[in-house]
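A structural walkthrough
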Amino acid sequence: MIRVQPEDFDVGAEIAALTGGNHRIGGLAVFVGLVRDMAGEEAIGAMTLEHYPGMTEKELARIEEEAKQRWPLEASLIIHRIGRLEPGDRIVLVLTASAHRQAAFDACQFLIDWLKTKAPFWKQEETAGGPRWVEARDSDGEAAGRWRKRDPDAAE
Amino acid sequence: MIRVQPEDFDVGAEIAALTGGNHRIGGLAVFVGLVRDMAGEEAIGAMTLEHYPGMTEKELARIEEEAKQRWPLEASLIIHRIGRLEPGDRIVLVLTASAHRQAAFDACQFLIDWLKTKAPFWKQEETAGGPRWVEARDSDGEAAGRWRKRDPDAAE
Amino acid sequence: MKLLYFAWLKTKTGVAEEDVSPPAEVTTVAELLTWLTSRGPGYAEALEDLSTIRVAVNQVYARPGDPVGPGDEVALFPPVTGG
Amino acid sequence: MKLLYFAWLKTKTGVAEEDVSPPAEVTTVAELLTWLTSRGPGYAEALEDLSTIRVAVNQVYARPGDPVGPGDEVALFPPVTGG
């Protein structure tokens, strides 16, 4: 499942809704991304998340589908927030559930890695020097590259 | 933090208690292990978790300390339940938080891998053929072995 | 053809969205980008370093040689930074 | 010396916990295990395959050559299966 929303999410409630009653699940991996108050050496007052409505949902659904092809998942969920967020706010939730823990872990990490390099979101930070668009990090490309061996149609 | 308890835990509440207000956290990884209703081809009615009081806590604390040495964690928590559990019940929670997602992911996976091969818990399953002690799986040893390169005092 | 610009690309072009009618010889993503730079200094500046530009045609990532045509929605944006 | 048995080891020895006084020549984990097998058929059966036995001395994993002595707490158990 995919959700793009300005509203916050409740991790415990999302887990319960997605996995409650499914007794085939042996392991559940969750990643939550949060707004930090520092970017390198600089203080961040807040950030605004822009996205590309329409493509965002398609790209997230495509990434999720890819994860389902690669791992035997019982459930998966990606929630990504948009709009203005402050330090400590949740940005993104990735949840994967499988009979086996390694599949849940790998799928969760794959989803956040790919999301970070493929889903059309852009962060603008509010700093003392004014607003600033966050630059993509090479390390995110490298993290996503780990999964590329089975990705014949990667656009990048 | 370490807890060994018969009681269930609330994942959302544990996350909030451990990480709320810490704006240095950028990524939070969570693993929840659950009781499945099948072990291979066989139906499981319930399971009972035995442990070695005293050593369990020491071993979990040692594993957590090792994770803190290896990764820059802002917070970590291991909760492991004991006693009788039924399919769908939560068994274990591992939670790690760091400025960076990869550290949170790696530490979380390390903790559950090591816990599975080092912490003195034993599962007894209730099957149609009577109670049966679960056998350790080679794959768990291999999973833990991934982290062994920097483990000079491993006993196994 | 509908064009969309995101993040700092939008700031440089000065528009978030526009309808354009490139000449008939513009048939690929690469040709569209070249044509766009001729539309004014903001566009030229936005497209100065193509290594920082990602393109999606009809909401799917596209390569320089991929075709573009009159009915397409073409989005230009910097490398993504979500998650 | 206090001995503890867990999981199926406890079933085979028939006790969860006992105080024992091995002879003075028993000074290592390996010597203790050998001596234990002489204590009855349940013990011999429990310790038949040492590859399935883990030992902790004073709540820390121990190897066959590690020392054991009168005041120690020694636990015997199968490979762990928690998590």
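Residues numbered from 1 in each chain as written. Chains lettered and ligands numbered in written order. Predicted model: local features only at pLDDT ≥ 70, side-chain atom pairs only at ≥ 80, totals over all residues. Heavy atoms only, no water.

Considering the arrangement of the chains
The condition that has to hold: Residue contacts follow a heavy-atom distance rule, with two residues in contact if any of their heavy atoms lie within 4.5 Å.
By contact count, the leading pair among the three pairs of chains in contact is chains A and B. Chain B makes no contact with chain C; the smallest distance between any of their C-alpha atoms is 10 Å. In this structure chain A stays clear of chain D, and the shortest span between their C-alpha atoms is 10 Å.

Comments concerning the pairing of strand β1 (residues 2–5) of chain D
Residues and elements named next belong to chain D. Which entries qualify depends on this criterion: Strand pairing is assigned whenever DSSP detects at least two bridges linking the two strands. Each helix corresponds to a stretch of at least 4 residues labelled H or I by DSSP, and each strand to a stretch of at least 2 residues labelled E; elements are numbered beginning at the N terminus.
Where β1 meets strand β2 (residues 17–19), three bridges bridge the pair, whose relative direction is antiparallel. Looking at β2, one finds that K2 is bridged to D19. With four bridges connecting them, β1 and strand β5 (residues 73–77) associate as parallel partners. Within the sheet, the bridge partner assigned to L4 lies in β5 and is A75.

Some remarks on the interface of chain A and chain B
The cut-off we apply is this: A quick way to say it: buried area is the sum, across both parts, of accessible area lost when two parts are put together, with a 1.4 Å probe. Every case where a carboxyl oxygen of Asp or Glu lies within 4 Å of a side-chain nitrogen of Lys or Arg is listed as a salt bridge. N or O atoms within 3.5 Å of each other form a polar contact, as long as, within protein, one can give a hydrogen and the other can take it, and as long as residues adjacent in sequence are counted only when both atoms are side-chain atoms. Three categories are distinguished: nonpolar for Ala, Val, Leu, Ile, Met, Phe, Trp, Tyr, Cys and Pro, charged for Asp, Glu, Lys and Arg, and polar for the others, with Gly belonging to the last.
Residue-level contacts link 34 residues of chain A with 34 residues of chain B. Of the roughly 2,900 Å² buried where chain A meets chain B, counting both sides, 54% is carbon and sulfur surface. When the buried surface of chain A facing chain B is broken down by residue, H23, R101 and F105 of chain A rank first, second and third, together holding 26% of it. Seen at the junction of chain A and chain B, the total is four salt bridges. For the interface between chain A and chain B, the tally reads 17 residue pairs in polar contact (both at pLDDT 80 or more). Secondary-structure elements contributing two or more residues to the side of chain A that touches chain B are α1 (11–19), β2 (27–34), α3 (101–118) and α4 (138–145) of chain A. Looking at the side of chain A that touches chain B residue by residue, the class counts come to 16 nonpolar, nine polar and nine charged. Relative to strand β2 (residues 27–34) of chain B, β2 of chain A is paired through seven bridges, and the arrangement is antiparallel. Across the sheet, residue G27 of chain A finds its bridge partner in β2 of chain B, namely G33 of chain B.

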